[in-house]
Amino acid sequence: MGWLYEGVPDEEHEGHAVGVLANGVIPAYGSGGRWSELEFRDGWWSAGGSVDDPGVEPAWLLPACVCGWRGERVGYDPQAEAAARGQWDIHMDDVTVYFLAAAKAAEGFVSALQTAREEGEYDARPLAVIKALRVTQSRVGSEIATAVGAARARELSWELIGEALGVTRQTAHERYREIEAVAAQE
Ligand SMILES: [Zn+2]
């Protein structure tokens, strides 16, 4: 059993770390006509039965998912599995973003505005539309800042926050460094 995400079927996304040897080779074994890469879990190769254990520790762990996603390999040490798992969690954040109430709200907002535009509201009362949207713009900005504070409270890097914002690590830091690290939930 690999890493699972509640509510997502394991045949779609199940994460694990595969071991990579110092020469870059990922040990694999054949069974039933297909090859599988050897996982490395809890300090052990997942080799069993007729499968040979490579006999050495891996040099790296490579996070992987049954959907085909691969992360970046991490140097093997006692924290490597947790680091690999952290990458997979971020992959699942991307995959499951549409489960979020916040994502549904954003989608509903965009589609409501499209309706307003199609029904002629923009043409009939452009200034009123600008004012309405200006209020929303500042509200969205403060919601993003709150989420950035929550990300800092979870000690997520500026690199990851920048990626989520669609800007560089440096831009994210410059823009939000004054934001305190606080959980959004009081
Ligand atoms: Zn996946």
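Residues numbered from 1 in each chain as written. Predicted model: local features only at pLDDT ≥ 70, side-chain atom pairs only at ≥ 80, totals over all residues.

## Description of the environment of A150
Moving on, step 1. Looking at the element boundaries, A150 is found in helix α4 (residues 126-153).
Moving on, step 2. Judged by C-beta crowding, with 16 C-beta atoms within 10 Å, A150 ranks as partly exposed.
Moving on, step 3. Residues A150 and Y122, 28 residues apart in the sequence, show an inter-C-alpha distance of 36 Å. (Helix = DSSP H or I, 4+ residues; strand = E, 2+ residues; numbered from the N terminus. Buried ≥ 20, exposed ≤ 12 C-beta atoms within 10 Å, placed from the backbone.)

## Comments concerning the environment of H13
Moving on, step 1. With respect to the helices, strands and loops of the structure, H13 is situated in the segment before β1 (15-20).
Moving on, step 2. When the 20 C-beta atoms within 10 Å are taken as the criterion, H13 is described as buried.
Moving on, step 3. Spatially, the C-alpha atoms of H13 and W69 are 9.1 Å apart, while their sequence positions differ by 56 residues.
Moving on, step 4. Not counting the four nearest positions on each side in its chain, H13 is found in contact with Y5, V8, C65, V66, C67, M92 and V95. (Contact = placed C-beta atoms within 7 Å.)

## A look at the pairing of strand β2 (residues 28-31)
Moving on, step 1. Here β2 runs beside strand β3 (residues 34-37); their pairing, made up of four bridges, is antiparallel. Directly across from A28, in β3, lies its bridge partner E37. (Pairing = 2+ DSSP bridges.)

## Looking at the domain arrangement of the protein
Moving on, step 1. Parsing the protein into structural domains produces domain 1 (15-97) and domain 2 (100-176).
Moving on, step 2. Distance from the C-alpha centre of domain 1 to the C-alpha centre of domain 2: 37 Å. (Domains from an automatic or database assignment.)

## Side note on the packing of helix α5 (residues 158-165) against helix α6 (residues 169-176)
Moving on, step 1. At a minimum axis distance of 8 Å, the contact between α5 and α6 shows a crossing angle of 95 degrees. By the angle between their directions, the pair α5 and α6 is classed as roughly perpendicular. For the pair formed by α5 and α6, the contact residues are W158, E159, I161, G162 and L165 on the first element and R169, T171, A172 and H173 on the second.
Moving on, step 2. Residues that form the contact of α5 with α6 fall into these classes: four nonpolar, three polar and two charged. (Axes fitted to C-alpha atoms, helices over the stretch in contact; angles between N-to-C directions. Parallel < 35°, antiparallel > 145°, perpendicular 65-115°, else oblique. Nonpolar A, V, L, I, M, F, W, Y, C, P; charged D, E, K, R; others polar.)

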